[in-house]
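So the chains spell out like this:
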Amino acid sequence: MALTGETFVALLPELVATGFVILVLLVGVFGEKNVGLVVGLAALGSLAVAGSAAGLLATGFSGSFFGDGFVVDSFALYFKIIVGASAFFAVLAAARWSGETGDAPEYLTLILSVVLGSVLLVSMRDLFGVFLAIELATIPSYAMVAFDRSRRESAEGGMKYLLTGVIASSVLLYGIVLIYGVSGSANLSDVAGTFSGDLSPVALLGLVLLISGFAFKLSVAPFHFWTPDAYQGAPTSAAAFLSVAPKAATFAILLRIFLEGMPEAARTWTAVVAFLAVLAMFVGNLFALRQRNVRRMLAYSSVAHSGYILAAFAALRGDAIPTAVEAVLIYTAAYALMNMGAFLAIDLVGEDAKSFNGLFRTRPALALSVGVFMAALTGIPPFSGFFGKAWVILAGAQTGSVVVYVVIGALVVNTVLSVPYYFGIIRNMFFEEPIAGEPLPSTAGAVRFAVYTLAVATVLFVFFVGPLSALAGASGLL
Amino acid sequence: MITTVTIFIPLLGAILMLLLPDDERLMRYSALGVAAVPFLLVTYVYFAYGDDLGAAALTQDFTWIESLNVGYRVGLDGLGFGMFFLAALLTLLAIVASWDVRENLKQYYAILFVAEVGMLGVFAAQDLILFYIFFEITLIPMYLLVGIWGDENRRQAAIKFFIYTFLGSTVMLAGFLAFGIIAGGYSMDSLSAGGGLSRTAQIAVAAPILFGLLVKVPAVPLHSWLLDVYVSSPTSTNVVLSGVLPKLGTYGIIRIAIPLLPDGVQPFLPYLAVLGVVNILYGAFVAFLQPDLKALVAYSSISSLGYILLGAASGNAVGLNGAVFQQVAHGLYSALLFILVGVIAARTGTRRIAELGGLATRMPWAGGLLALGALAAMGLPGLAIFVSEFMSVMGGYTTFPVQGVLGALGIIFSAMYLLYMLARVIFGPIERPAYEEATDAGPVEMAAVVPLAVLLLVLGIFPALLVSIQRPAVEAVLSTIGGS
């Protein structure tokens, strides 16, 4: 195995991320708190990751490296773009806040480290590599959640996240080891050979543990308990970023493990996933209905959305597989736009649902943007979230399996179930009077730019969905 | 091209409204100007292309999502044209009638224009997914119009409306998606007469689609969102809410459910006719009991929508033509009555029938036009409703005699409650001295209602003006279901 020039090209997004991690940290140490420069570098770094991945995608680059342990295909590159682009918005949102804490370089380094872990993750074809990359993405995120020293909830959320995260990692690792034990190899193509026909009890246990570990990371019920506390405590930019980028990468690698590593065992894992999907939708939405704090509401909403995406996994059967893969790709992109926007708006308005009251009268443009995010999260056309859900329904309808029909039915029911809390925010913004004497938080231009850009993208998604689905069709997976 | 331009001009208008300075006169006149453009374009289409709308004309077709064969496909045909025209007309008149909206005027117009995009688009869409998207585009604007500018009860009314109709349309979308997957595309053209689906598959797909469309109408057991919303809304919102939105449902039945899934709809047709009759009779009975003039008009509207369902269910040329015609006629008369209720409430300070009386002397014009609208609603010959209710009942009777007879009874009931209302509101003594001073409708109010009254008369005397346009398209529908 020689390190050729091609290997470096294949590793371009990872190398760029590594370079900027080091650069931002060093500039922070020697740059005498020049926040503007650090933020600029971090923003440039995340754009460069997305840009290099986009460049590779445009040239049609693909191949496998390091003994088939690292693979570059358009599927992986697609998720690298999502990760890089969401990191860009997270950096913008963090700019002013992290400058005020005096620890901007450290915080931004953490964001870029999560980026590095996530872009590595989506290219892994070796289960131990998967584990390492997940940890590389997760460990900095514990620190990100606990980073806001001015709020006790931040430390509390970080602690809960860390403890459950460590358990999740060990469960995941245990599952991987069992699968390795059965297959004699951790490489997905070797695993595929052993995961066929009837699964041995050990293999089944390994599979269940693997899925449980992933469910923790994806905050899928019943493994979601860390999510509301972590997202409530975390700095807004951290909650926005962590609910989107590493999660998209984790969904991507789970898809790769299922389709490349155990396609013959699809009957088993689609059943497990179908159960988890339905549970996550109901738990997420029913708990979100009760929240008055917008952070916690969005945290539970992210549990529900993980359920919606898992519903596409449940549809990975027979003829429906291409559509289900498209559904995951489209949903994660749509979700990245609308969910980041919704989280970041908290910095501009406030975390109490009441602080949104009368926003339509005081700041119409912002109210309109938040309205777009909420409508998109509900799944109303023509906004981005609708296409995610529509593709999941499409994929489910193609399977011809009653179990999947039940999952799709649950998705439809849950979509309606989620209307009261998303539209509760819209009602507060448009129908209520502003609460007198409560000034809105002073806002940084960068956050406003991020929110408005995301709102426009959420609206214009309708024009990109055609090309996106074509891209997904040629995703390289399968 | 002209179709696309007509649909999306209001969107530009919405953006324009938000950019205007806060000057009330300027905003009102600009909104009128914007709303006039689609109306003039549709009028032009009527005179220039009215004769060849048998199949979709003035079409545009872009592939949008290639892998699913979803396209931006629009065009006008005889089934949709009447409502396309009415949507443009009623938005224009809603803006004339928006005198009771005083706060946040520019946002009001902007939101109304976004709703107009959806309303126009639905009646021009030639692709199922596009139809659904336009269908839903009306949802949030209507929610906001009711929720921001409605009366005290507006919040509950708005969310109830939203949840009901969103549930319906989501179920409908599931039906559309399943239909397209099995048939391999979403173009209405290619899906004609089942798109190759077996009878069982058609029934399975037709059920959720019909459910979603019937919630939108609303058909009676699914109607509980309607009263609160209609009563809470400002007058100008009522105009589009009652004049156009129910037809999203009925048009869907006539344009999508019946011709695209003929075998699947077949077993449901008798029940659809029953639902129509239930709407007619239930609406009429409940209208009789209403103490509030606006609630009476709302139930009268439900009753009158029943004829569309009955005519559509008949599956013969007379009934179907009646149903398509009734969509327009219903829009004209319900908009007329809602505006007049708004005028009367504003001038007298009350909508309670018991407190009104003797309007004929105080407000001869408004009272007279109310009488005209009520006479139209009860199907007086010479006014548009007569033509379509008669045709719907005749068509319904041919196919389903029992339902047809019961539907005809509805005409008698509607005469009863409407005449009883007129007796109390228009005639009789002036009950309250408070509005002895009430003045008659002014020029602006007259400008909002007179066009509707004139159209009711013209279409009542010359129904061929509209029937000639819709007939070829109706025949095309009949050919898919094997009727005559």
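Residues numbered from 1 in each chain as written. Chains lettered and ligands numbered in written order. Predicted model: local features only at pLDDT ≥ 70, side-chain atom pairs only at ≥ 80, totals over all residues.

1. Some remarks on the overall build of chain B
So, step 1. Check the secondary structure of chain B and you find 21 helices and 2 strands.
So, step 2. Against the compact-globule benchmark of 23 Å for 484 residues, chain B has a radius of gyration of 21 Å, which places it among compact chains.
So, step 3. Expressed along its principal axes, the backbone C-alpha trace of chain B runs to roughly 70 × 55 × 40 Å.
So, step 4. Split into buried and exposed, the 484 residues of chain B put 64% on the buried side.
So, step 5. In chain B, 79% of the contacts between residues at least 6 apart in sequence involve partners at least 24 apart. (Helix = DSSP H or I, 4+ residues; strand = E, 2+ residues; numbered from the N terminus. Rg over C-alpha atoms; globule rule 2.2 N^0.38 Å. Buried ≥ 20, exposed ≤ 12 C-beta atoms within 10 Å, placed from the backbone. Contact = placed C-beta atoms within 7 Å.)

2. Observations regarding the overall build of chain A
So, step 1. Secondary structure assignment for chain A yields 21 helices and 2 strands.
So, step 2. In terms of C-alpha radius of gyration, chain A reaches 21 Å, essentially the compact-globule figure of 23 Å for 478 residues.
So, step 3. In terms of principal-axis extent, the alpha carbons of chain A reach across some 65 × 55 × 40 Å.
So, step 4. Within chain A, the fraction of its 478 residues that count as buried is 63%.
So, step 5. At a minimum sequence separation of 6, the contacts of chain A that also span at least 24 residues come to 80%.

3. Structural notes on the interface of chain A and chain B
So, step 1. Contact residues are listed per partner, giving 22 residues for chain A and 26 residues for chain B.
So, step 2. Of the residues belonging to the side of chain A that touches chain B, the class tally is 16 nonpolar, 5 polar and 1 charged. (Nonpolar A, V, L, I, M, F, W, Y, C, P; charged D, E, K, R; others polar.)

4. A word on the confidence of the model for chain B
So, step 1. Confidence in the prediction of chain B, expressed as mean pLDDT, is 87, and 98% of residues score 70 or more.
So, step 2. Looking across chain B, the model is least confident in helix H16 (residues 359-362) of chain B, with a mean pLDDT of 78, and most confident in helix H5 (residues 128-137) of chain B, with 92. (pLDDT = per-residue confidence, 0-100.)

5. Quick notes on helix H10 (residues 226-233) of chain A
Within an α-helix, residues lying three or four positions from one another point in the same direction, as the helix has 3.6 residues per turn.
So, step 1. Across the 8 residues of H10(A), 8 count as buried, placing the element largely inside the fold.
So, step 2. Where the residues of H10(A) are buried, they touch helix H6 (127-145), helix H7 (152-183), helix H11 (236-242) and helix H14 (294-314) of chain A.

6. Concerning the pairing of strand E2 (residues 70-76) of chain B
Residue and element names in this part refer to chain B.
So, step 1. Burial within E2 is extensive, with 6 of its 7 residues counted as buried.
So, step 2. Sheet topology places strand E1 (residues 57-65) next to E2; 6 bridges connect them, and they run antiparallel. Across the sheet, Ala57 pairs through a bridge with Leu76, a residue of E2. (Pairing = 2+ DSSP bridges.)

7. Details of unusual backbone geometry
So, step 1. Pro382(A) follows Pro381(A) through a cis peptide bond whose omega is 5°.
So, step 2. Here Pro382(A) shows up in the loop between helix H17 (364-378) and helix H18 (384-399).
So, step 3. Geometrically, the link from Val217(B) to Pro218(B) is a cis peptide bond, its omega value of -10° lying close to zero.
So, step 4. As for its placement among the helices and strands, Pro218(B) is situated in the loop between helix H8 (199-216) and helix H9 (226-232).
So, step 5. A positive phi is found at Phe66(A), a non-glycine position, where the angle reads about 55°.
So, step 6. Mapping Phe66(A) onto the fold places it in the loop between strand E1 (63-65) and strand E2 (70-72).
So, step 7. Phe66(A) sits in the partly exposed class, given 17 other C-beta atoms within 10 Å.
So, step 8. The residue Ser219(A) is not glycine, and still its phi comes out positive at about 45°.
So, step 9. Here Ser219(A) shows up in the loop between helix H9 (201-217) and H10.

8. Details of the packing of helix H11 (residues 245-260) of chain B against helix H14 (residues 293-314) of chain B
Residue and element names in this part refer to chain B.
So, step 1. Where H11 meets H14, the closest approach of the two axes is 11 Å, and the angle between their N-to-C directions is 0°. One element, H11, and the other, H14, form an angle in the roughly parallel class. Contacts between H11 and H14 involve Pro246, Thr250, Ile253, Ile254 and Ile258 from the first element and Leu305, Ile308, Leu309 and Ala312 from the second. (Axes fitted to C-alpha atoms, helices over the stretch in contact; angles between N-to-C directions. Parallel < 35°, antiparallel > 145°, perpendicular 65-115°, else oblique.)

9. What to know about the nonpolar core
So, step 1. Counting residues in hydrophobic clusters, the biggest one holds 413 residues, and the most contacted among them are Val91(A) and Ile111(A).
So, step 2. In this structure Ile111(A) touches Ala42(A), Ala87(A), Ala90(A), Val91(A), Ala94(A) and Phe241(A), once residues within four positions along its chain are discounted. (Core = buried A, V, L, I, M, F, W, Y, C linked by C-beta atoms within 7 Å.)

10. Examining the environment of Leu26(B)
Residue and element names in this part refer to chain B.
So, step 1. The topology assignment puts Leu26 in helix H2 (residues 24-49).
So, step 2. Look at Leu26 and you get exposed, because 12 C-beta atoms sit within 10 Å.
So, step 3. Distance from Leu26 to Thr165, taken between C-alpha atoms, is 35 Å for residues 139 residues apart in sequence.

11. Some points on the packing of H5(B) against helix H7 (residues 154-183) of chain B
Residue and element names in this part refer to chain B.
So, step 1. Where H5 meets H7, the axes come as close as 10 Å, and the angle between the chain directions of the two elements is 170°. Between H5 and H7, the interaxial angle falls into the category roughly antiparallel. In this structure, H5 contributes Leu128, Ile129, Tyr132, Phe135 and Glu136 to the contact, and H7 contributes Ser169, Leu173, Phe176, Phe179 and Gly180.

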